[in-house]
Amino acid sequence: MAYESRGEIDSKYKWDLSSMFPSDEAFEAGLEELKAYCPKLLAFKGKISTSAQALLEFLQLEDQMNLLLYKIINYAERKSDEDTRVAKYQAYVANATSVYTQAGEATSWFAAELLAIPAESVEKFYAEVPALEFYRRKLNKILNQREHTLSAEEEALLARAEELAVQPTNIFSMFDDADLIFDDAVDSEGKTHKLTSGSFVPLLMNGDRVLRESAFKQLYSRFGEFRNTSAAILTSQVKNLQFFSSSRKYASSLEAALAENEIPVEVYNNLIDAVHQNFPAFYKYVDLRKRVMGLDELHFWDVYTPLVDDVDMKFTYEEACDLIVKALAPMGEEYVGLVKKGLESRWVDVYETPGKRSGAYSAGGKGMNPVMLLNFQGGLDDVYTLIHEMGHSLHTYFSSHNQEITYSDYSIFVAEVASTCNEALLSHYLLEHETDPARHAYILNHFLEGFRGTIYRQCMFAEFERDINQMNADGVALNAEVLSERYGKLCAEYFGPGIELDEEIKLEWSRIPHFYYNFYVYQYCIGFSAAIALSQRILSKGEPAVKDYIGYLSGGCSKTPIELLRGAGVDMATPDPVNAALKYFGELVDQLEQELN
């Protein structure tokens, strides 16, 4: 449904931000109140080492500030996203960002001063003031970095180098987003189609194979012209990570990246090993694609095309809400009751309007309701988006209602588990209840593409990132030829003998922004695998599994991510959840093969 302004939309389809601030005036008053915290926090500098009471008072004051700070940031960004053209709310975001920076500066000294306190003195502080025990985990996360923390002068030098550290990412963004221009792709009728980084994958999904091949070759031909520049940019990112990790005395760039989320390196390597062991299921899917598409040769420009023609699956927003409530029934009364509460209490901003931020997300935190931004169009993907964001919102709700502000935020490592678990339950429900053969096959193919894109593809990215960083550490000179050779070998390993290893695909590394995210993509694989395992556990074991799962949602960051997921019933320190998820993938491939036959 198309709207020309927010004023046309019934209030029930617009989010309610009053739990953050009831009005703009209240926000502006809160902004002024927040500014007063900075000098108070800065006044503790040099004092937290003198007494346990001073340390406790600082931590409590910081919590009070954060409670207000998160509301300030949320309200400003949510109001701006309603209509990004409104200058007033652009200013709100700028003001919120400014005060966030000020708050960071007012507390930036804390870690160094805490680390300067002898370990035995910290233990005495806990005994002297028992209330300080609540903060032990927070303090330990800092104290555990003692061996990777340098002198004040060295830390200051690294801090000044941070501005240089972001330059590879900035250069890649300018090159990929701003400077690269591609020739048009041409279809089988000779018609031209504008080719951009954004239109590339949609063109590869087109049923016209001539158009797909044209788009594929045009894009990589252009990247090929700048292969040496691309290699230099990526190499600078690798060198950047090596500089900071070795400066902080980590064994590798990978170890340094994972340490922030308290993840052992073995988790990363176990993931890759498990996916390798499950290549046969993916090879079967590749072979099925080749047969269904009726191709003598399957090329990389054929891997995005849906195996099942798009079917007409349209939903009103009310139908989508009803569907996700039914799909989430295995989660039990408490969970489903909160889903209904969120839908009825205006947690969701539903429809697209001019100036509204694109895409979708969930936001919120301690002391406020979670809210979700959608741009609902009525397709099946929109239903998946709604249930995905509801997973994030329920995670936020349980965490913020069961943890104090200190531990109410959760790690990015576990952030996608709740959302993807919801999606898996929706797929299960649709596959159980859909009676139309074409729709059933379409849903099944949709589910399988989630596995392909999130586990296999992202794991290949993760392996490439690990390998090139290790090659650099081993003294291998990274250049376009070396990078392309390694990437090509990975494509051959992951996709198997059922696909032609097109020369162009060896350059794919040059267009992937995730290689500038510092070992980020493995978390997609982990989150998806954990979500599949948890959804299967919930469906098979019922209430006890749900109880464990809600315990994980309620944990915030009160434990390490591995411990939280272990409490939910999956141990991501072992390859078992990945193996289980990909075993299920193999079963779904067999099912799709039967249905298409």
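Residues numbered from 1 in each chain as written. Predicted model: local features only at pLDDT ≥ 70, side-chain atom pairs only at ≥ 80, totals over all residues. Heavy atoms only, no water.

For clarity, the cut-off: UniProt positions are given in the numbering used here, feature names are shortened, and annotations may be inferred rather than shown by experiment.
With an unreviewed UniProt entry as reference, the protein chain is termed Oligopeptidase F, source organism Lancefieldella parvula. Regarding the protein chain, the UniProt comment filed under Function (unreviewed entry) reads as follows: "Has oligopeptidase activity and degrades a variety of small bioactive peptides."

1. Points about the domain arrangement of the protein chain
Here is the rule we go by: Bear in mind that the domain bounds are from an automatic or database domain assignment.
Along its sequence, the protein chain is organised into domain 1 (7-149) and domain 2 (166-241). Domain 1 and domain 2 are separated by 41 Å when their C-alpha centres are compared.

2. Brief notes about the environment of N144
What counts is decided by this rule: By definition, any uninterrupted DSSP run of H or I lasting at least four residues is a helix, any uninterrupted run of E lasting at least two residues is a strand, and each is numbered from the N terminus. When accessible area is computed with a 1.4 Å probe and restricted to protein chains, residues below 20% of their type maximum are described as buried, those above 50% as exposed, and intermediate ones as partly exposed.
Mapped onto the secondary structure, N144 falls in the loop between α7 (136-143) and α8 (152-165). When its relative accessible area of 52% is taken as the criterion, N144 is described as exposed. Between the alpha carbons of N144 and I387 there is a distance of 38 Å; along the sequence they are 243 residues apart.

3. A closer look at helix α14 (residues 265-277)
Operational definition: A helix is expected to span 1.5 Å for every residue after the first. Comment: arc refers to directions from the helix axis out to C-beta atoms.
Compared with the 18 Å implied by 1.5 Å per residue over 13 residues, the 19 Å span of α14 between its first and last C-alpha is a close match. Along α14, the residues that are buried comprise V267, Y268, L271, I272, A274 and V275. All buried residues of α14 project into a common sector of 165 degrees when viewed along the axis, lining one side.

4. A look at the side chain of H395
Put simply, the rule reads: Contact between two residues is taken to exist if any of their heavy atoms lie within 4.5 Å; hydrogens are not considered.
Examined against the element boundaries, H395 turns out to sit in helix α18 (residues 380-402). Beyond its immediate sequence surroundings of up to four residues, H395 is in contact with Y410, V414, A415, A418, Y552 and L553.

5. Details of the pattern of salt bridges
The condition that has to hold: The salt bridge definition used is simple: a Lys or Arg side-chain nitrogen within 4 Å of an Asp or Glu carboxyl oxygen.
Summed over the entire model, instances satisfying the criterion amount to 37 salt bridges. With a closest N to O distance of 3.7 Å, R357 and D81 form a salt bridge. Taken together, the residues span a long stretch of sequence, with R357 in the loop between β3 (348-349) and β4 (361-363) and D81 in helix α3 (residues 52-82) at a distance of 276 residues. Accessibility expressed as a relative area gives 8% for D81, which makes it buried. The partner of R452 in a salt bridge is E449, with the nearest N and O atoms 2.9 Å apart. With R452 and E449 both in helix α20 (residues 437-473) and three residues apart, the pair spans about one turn of that helix.

6. Let's talk about the side chain of E465
What counts, and what does not: The charged-residue count follows a simple rule in which Lys and Arg add positive charge and Asp and Glu add negative charge, with His and chain termini not counted at all.
For E465, the location among the structural elements is in helix α20. Notably, E465 is buried but unbridged: the nearest opposite-charge side chain belongs to R466, and the N-O separation is 10 Å. Filtering out sequence-adjacent residues up to four positions away, E465 remains in contact with Y268, H514, F515, N518, F519, Y520 and V521.

7. Let's talk about the packing of helix α23 (residues 543-553) against helix α24 (residues 561-568)
To describe two helices that pack against each other, one gives the angle between their axes and the distance between the axes. Spelled out, the test is: Each axis is a line fitted through C-alpha atoms, and for a helix only the stretch in contact is used; angles between axes span 0 to 180 degrees, taken between their N-to-C directions. Oblique is the label for any angle not covered by the other classes, which are roughly parallel (under 35 degrees), roughly antiparallel (over 145) and roughly perpendicular (65 to 115). In the scheme used here, Gly and all other residues not listed as nonpolar or charged are polar, with Ala, Val, Leu, Ile, Met, Phe, Trp, Tyr, Cys and Pro taken as nonpolar and Asp, Glu, Lys and Arg as charged.
Running from N to C, α23 and α24 cross one another at 160 degrees; their axes reach a closest spacing of 7 Å. Comparing the axis directions of α23 and α24 gives the class roughly antiparallel. Along the contact surface, α23 presents D548, Y549 and Y552, while α24 presents L564, L565, G567 and A568. Of the residues in the contact of α23 with α24, the class split is five nonpolar, one polar and one charged.

8. Focus: the UniProt feature "domain: Oligopeptidase F N-terminal" (unreviewed entry) in the protein chain
The sites that UniProt annotates as "domain: Oligopeptidase F N-terminal" (unreviewed entry) are residues 113-182. Each end of residues 113-182 is marked by a C-alpha atom, and these two atoms are 53 Å apart; helix forms 69% of the span and strand 0%.

9. Re the sheet that holds strand β5 (residues 371-373)
For sheets, the rule is that strands pair by backbone hydrogen bonds, running either parallel or antiparallel. What counts is decided by this rule: Strands are labelled as partners when DSSP assigns at least two bridges between them.
Overall, mixed pairing links the three strands, which are arranged β3-β5-β4 in an open sheet. Two strands lie at the open edges of the sheet, namely β3 and β4, each paired on one side alone. Pairing of β4 with β5, which is carried by three bridges, proceeds in the antiparallel orientation. Counted as the bridge partner of Y361 is L373 from β5.

10. Remarks on the state of the cysteines
Applicable threshold: Cysteine sulfur pairs qualify as disulfides if the two atoms are within 2.5 Å.
With the rule as written, the count across this model stands at zero disulfides. For C421, which is in no disulfide, the shortest distance to another cysteine sulfur is to C525 and amounts to 17 Å. Accessibility expressed as a relative area gives 0% for C421, which makes it buried.

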